[in-house]
Amino acid sequence: HSMKNRFRMMILFIALSAIAVSAPLKSSAQESVTMQDFYDKLGPYGQWVEMPQYGYVFVPNAGPFFKPYQTAGHWEYTEYGSTWVSDYEWGWAAFHYGRWGFDRLMGWFWVPDTQWGPAWVCWRSTPGYYGWAPLGPGQNAREWNRYDYVPYDHWCFVNERMMYEPRVYEYYEPMDHNEIYVRRGTIIEIDNRGYVYGPRREEIVRATHREIVQRELEPEYRPREVIVDRNHSYRPSERYVVKRDRVAPMSRREESHENAVHREARVEKHNEMDRREEKHENVERRDEHKENRGGEHHEEEKRNEHPSPEHPGGMNNNEHNGGSRPSQEHPGSNNGPRGGSNGQSGQPERSTQQHSSQSEQHSGSSQRSTPKPSTSKPTHGNGK
């Protein structure tokens with residue numbers, strides 16, 4: 001029996017070891033991509049163009065007003081710093097690997113690379129604003145140390161309070177302000193991870209006066225290893241390859257149906273998340289308002305139950321300030337001995353007495369000790 005138990009324990013240990021070894025391998029396979037994945041998965045959303053200095057580059061069918069890290073996306077604060085979350089289906093690749101360049105004929109194009117980053121941009125901070133611009137092909141975050149290294153029209157600036165708004169593109173500053181912001185701004189330096197972390201969390205909290213929630217990146221946006229086999233030739237499918245002079249000029253390029261469908265779907269997803277958060281905030285504000293009102297009501301009840309010793313009976317503020325109150329001798333009348341604070345004390349009582357005296361005079365009462373004054377008008381020529 002002892003030998004059988006040992007044999008069973010050995011079999012169980014081997015089985016558990018096999019599971020433990022195979023699980024990381026499976027996970028690693030899921031979290032890696034190849035250069036061929038870039039070519040195949042981005043092909044339906046644009047064209048691949050061969051350029052002598054870069055090899056194959058991707059030109060998206062994103063419309064004439066497309067700009068990388070500005071159009072159809074927003075910033076989120078994650079464990080990697082400020083991370084660009086794109087609404088495009090191909091955003092997981094083109095905004096986290098590689099660099100963006102600009103060609104006067106083709107417009108913006110993407111050059112693939114293997115290193116992941118939250119966003120391959122350069123950052124500047126100017127009083128009240130943050131700005132960013134895409135790094136060009138071959139550039140890294142350590143190289144751009146001059147304000148004129150990146151063209152002014154590639155920059156984008158936004159008020160620091162709107163930095164992490166889901167619709168940040170609604171708050172971009174006019175482009176003609178870029179030169180002033182760039183010249184007055186300071187560089188946000190690179191950290192030890194090889195990319196620029198972006199604005200610091202505490203700076204945004206200080207500017208917005210609210211806590212910044214650290215978001216969890218969706219699996220497709222998380223860092224993945226890019227596998228490159230030097231013995232394999234990677235290239236896009238011929239149906240997605242066009243020559244440079246055959247690419248439609250950017251000014252006349254329309255957004256493809258595939259791009260529009262996926263972009264709108266992601267925008268609606270973000271809108272739904274916004275609505276849920278807004279509903280949650282409204283509930284919290286309503287509960288806080290009820291709490292405050294309940295506290296005020298409780299304080300008022302306590303004041304009524306325990307009046308001030310100087311003013312027994314729960315005297316209100318009007319009485320405390322010298323306002324008139326009903327007379328205890330004549331309930332319901334407002335002509336008690338205490339006068340108002342406006343210096344018109346006793347006016348109602350004097351008016352009543354005058355009215356009574358006039359009534360007695362007209363009724364011919366003989367009970368008064370003084371003779372009744374004559375009310376007849378003097379007649380001309382009747383004097384002595």
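Here the structure is shown first, and the text comes after it.
Residues numbered from 1 in each chain as written. Predicted model: local features only at pLDDT ≥ 70, side-chain atom pairs only at ≥ 80, totals over all residues. Heavy atoms only, no water.

Caption draft 1: Representation of the overall build of the protein chain in the model. Each helix and strand counted, the protein chain has eight helices and 13 strands in total. In the protein chain, of all internal contacts separated by at least 6 residues, the share reaching a separation of at least 24 is 66%. For the protein chain, the exposed surface amounts to about 25,400 Å²; the carbon and sulfur share of it is 49%. (Helix = DSSP H or I, 4+ residues; strand = E, 2+ residues; numbered from the N terminus. Contact = heavy atoms within 4.5 Å. Areas by Shrake-Rupley, 256 points an atom, 1.4 Å probe, with all protein chains shown as cover.)

Caption draft 2: Spatial organisation of the packing of aromatic side chains. Tallying each qualifying case throughout the model produces 29 aromatic pairs. Considering the side-chain rings of W48 and F58, the 5.4 Å spacing of their centres and the 50° angle between planes classify their relative orientation as tilted. Note that W48 is positioned in strand β2 (residues 46–51) and F58 in strand β3 (residues 55–60), a separation of 10 residues in sequence. Both residues of the pair, W48 and F58, count as buried. Aromatic side chains W123 and W132 sit 5.6 Å apart centroid to centroid with 50° between the ring planes, which places their arrangement in the tilted category. Across this residue pair, the class does not change: W123 and W132 are buried. Positioned above the aromatic ring of W120, the side-chain terminus of R99 is 4.1 Å from the ring centre. (Phe/Tyr/Trp six-rings, centres within 6.5 Å; stacked < 30°, edge-to-face > 60°. Buried < 20%, exposed > 50% of the residue type's maximum accessible area, 1.4 Å probe, protein only. Lys NZ or Arg CZ within 6 Å of the ring centre and 35° of its normal.)

Caption draft 3: Seen up close, the pattern of salt bridges. Considering all chains together, one arrives at seven salt bridges under this definition. Several salt bridges share partner residues, and in doing so they unite E79, E216 and R222 into one network. (Salt bridge = Lys/Arg side-chain N within 4 Å of Asp/Glu carboxyl O.)

Caption draft 4: How the structure looks around the nonpolar core. Counting 59 residues, the largest nonpolar core has W90 and W110 as its most contacted members. For this core, the element with the most residues is helix α2 (residues 35–42), which contributes four residues. If you look at the next biggest cluster of nonpolar residues, it comprises eight residues, including V49, M106, V111 and V247. (Core = buried A, V, L, I, M, F, W, Y, C linked by side-chain atoms within 4.5 Å.)

Caption draft 5: Spotlight on helix α5 (residues 201–208). Within α5, burial applies to I204, A207 and T208. Here the buried residues of α5 occupy an arc of 85° about the axis, which is enough to place them on one side. Counted as exposed and oriented over 90 degrees from the buried face of α5: E202 and R206. Residues of α5 that are buried in the fold lie against β9 (129–134). Just downstream of α5 lies H209, where phi reads positive at about 60°. (Arc of directions from axis to C-beta.)

Caption draft 6: Geometry of the sheet that holds strand β10 (residues 156–159). The four strands lie next to each other as β10-β9-β8-β11, forming an open sheet whose pairing is antiparallel. Both edges of this open sheet fall to β10 and β11 (186–187), since each of them pairs with a single strand only. As paired strands, strand β8 (residues 121–126) and β9 are joined by six bridges and run antiparallel to one another. Directly across from C122, in β9, lies its bridge partner A133. (Pairing = 2+ DSSP bridges.)

Caption draft 7: Representation of the environment of M163 in the model. By the secondary structure assignment, M163 is in the loop between β10 and α4 (178–184). Separated by 32 residues in sequence, M163 and G131 place their C-alpha atoms 9.6 Å apart. Beyond its immediate stretch of four places on either side in the chain, M163 contacts W75, W123, Y130, W132, V158, V168, P199 and I204.

Caption draft 8: Quick look at unusual backbone geometry. Within the chain, A72 stands out as a residue other than glycine whose phi angle is a positive 50°. By secondary structure assignment, the location of A72 is in the loop between β3 and β4 (73–78). Judged by relative accessible area, which is 12%, A72 ranks as buried. With phi around 60°, H209 is a residue other than glycine that occupies positive phi space. Its place among the elements puts H209 in the loop between α5 and β12 (225–227). Judged by relative accessible area, which is 72%, H209 ranks as exposed.

Caption draft 9: Broad picture of α2. Here α2 has its buried residues at M35, Q36, F38, Y39 and L42. Viewed end-on, α2 has its buried residues packed into an arc of 160°, placing them on one side of the element.

Caption draft 10: Highlighting the side chain of Q47. On the secondary structure map, Q47 appears in strand β2. A polar contact is formed between the side chain of Q47 and the side chain of N61, at a distance of 2.9 Å. In this structure, Q47 is in contact with V57, F58, V59, N61, Y240, V242 and V247, ignoring residues within four places of it in sequence. (Polar contact = N/O pair within 3.5 Å; in protein donor to acceptor, adjacent residues only side chain to side chain.)

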